[in-house]
Amino acid sequence: MNRLPNLLPLTHIRVGLDITSKKRAFEEAGLLFEELHGLSRANVADSLLARERLGSTGLGHGVAIPHGRIKGLKTPMLAVFLLQTPIGFDSPDELPVKLMFFLLVPEASTQRHLEILSNIASLLSQSEIREELLLSQDPQQLHSKIVQGSLSLPS
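Calculation criteria
Residues numbered from 1 in each chain as written. Predicted model: local features only at pLDDT ≥ 70, side-chain atom pairs only at ≥ 80, totals over all residues. Heavy atoms only, no water. Axes fitted to C-alpha atoms, helices over the stretch in contact; angles between N-to-C directions. Helix = DSSP H or I, 4+ residues; strand = E, 2+ residues; numbered from the N terminus. Parallel < 35°, antiparallel > 145°, perpendicular 65-115°, else oblique. Contact = heavy atoms within 4.5 Å. Nonpolar A, V, L, I, M, F, W, Y, C, P; charged D, E, K, R; others polar. Phe/Tyr/Trp six-rings, centres within 6.5 Å; stacked < 30°, edge-to-face > 60°. Lys NZ or Arg CZ within 6 Å of the ring centre and 35° of its normal. Core = buried A, V, L, I, M, F, W, Y, C linked by side-chain atoms within 4.5 Å. Buried < 20%, exposed > 50% of the residue type's maximum accessible area, 1.4 Å probe, protein only. Salt bridge = Lys/Arg side-chain N within 4 Å of Asp/Glu carboxyl O. Arc of directions from axis to C-beta.

> Hey, could you go over the packing of helix α4 (residues 111-125) against helix α5 (residues 127-134) for me, with residue numbers and the actual values?
Two quantities define a packed helix pair, namely the angle between the axes and the distance from one axis to the other. Contact geometry of α4 with α5 gives a least axis separation of 5 Å together with a crossing angle of 90°. Between α4 and α5, the angle falls in the class roughly perpendicular. Across the interface between the two elements, Leu-123, Leu-124 and Ser-125 of α4 pack against Ser-127, Ile-129, Arg-130 and Leu-133 of α5. Class assignment of the residues belonging to the contact of α4 with α5 gives a composition of four nonpolar, two polar and one charged.

Structure below.
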């Protein structure tokens, strides 16, 4: 079953952020999760950076799925940033990234983590949906397009 809409409240979406680096994007994601859920911003950013050191989470076509495991987290959490200006991300196609899906999962999570990553990757692999997401003007529009696009994914 596709859980993306359940994992992504509107409050977890940021559109038009002026971020200039991958590291700064991870710090901003840490700040969002700290403000909304009381997670340590440093732990979130460090987890995302640690995963990124293993290999870029950039998928190509201007999108990335940074993800990390968080000790003490009970359920997966998702946030989405649509940047004002794309940033370098070491993606396979070498294109800068404008759309990022940040996934945080419990430290021991394995199968569920992979299922959620697969759902996000499936959504972003559909060029028509991906282009609509990249052209979103505000958080509500981006959220609606993610929800609509998720409905087209296999259960």
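> Let's hear about the packing of aromatic side chains: which residues, and what values?
Scanning the model with the defined rule gives three aromatic pairs in all. The aromatic ring of Phe-89 is capped on one face by Lys-22, whose charged end is 4.7 Å from the ring centroid.

> So what's going on with the nonpolar core? Which residues, and what values?
Residues Phe-33, Phe-81, Met-100, Phe-102 and Leu-104 are the most contacted members of the largest nonpolar core, which totals 25 residues. Of all the secondary-structure elements, those providing two or more residues to this core are α2 (22-37), α3 (41-53), β5 (77-87) and β6 (97-106). Beyond its immediate chain neighbours, meaning those up to four positions away, Phe-102 contacts Ala-25, Phe-26, Ala-29, Phe-33, Leu-48, Pro-66, Met-77, Leu-78, Ala-79 and Phe-81. Within the second largest apolar cluster, 23 residues are counted, among which are Leu-8, Val-63, Leu-117 and Ile-129.

> Which residues make up the pattern of salt bridges, and what values do they have?
One pass over the full model with this rule turns up six salt bridges. In this structure, the salt-bridge partner of Arg-24 is Glu-27, at a minimum N-O distance of 3.3 Å. On the criterion of helical spacing, the pair formed by Arg-24 and Glu-27 is a turn pair, its members being three residues apart in helix α2. Where Arg-41 meets Glu-34, a salt bridge forms, and the shortest distance between an N and an O atom there is 2.7 Å. When its relative accessible area of 42% is taken as the criterion, Arg-41 is described as partly exposed.

> For α5, give the residues involved together with the corresponding values.
Taken together, the buried positions of α5 are occupied by Ile-129, Arg-130, Leu-133 and Leu-134. Buried residues of α5, seen end-on, are gathered within an arc of 135° and therefore sit on one face of the element.

> Mind laying out unusual backbone geometry, listing which residues take part and the relevant values?
Peptide bonds are mostly trans, and most non-glycine residues show a negative phi. Residue Asp-90 is not a glycine yet carries a positive backbone phi of 60°. Tracing the backbone shows Asp-90 in the loop between β5 and β6. Judged by its relative accessible area of 64%, Asp-90 is exposed. Backbone geometry at Glu-94 places phi at a positive 65°, although glycine is not the residue there. With respect to the secondary-structure elements, Glu-94 resides in the loop between β5 and β6.

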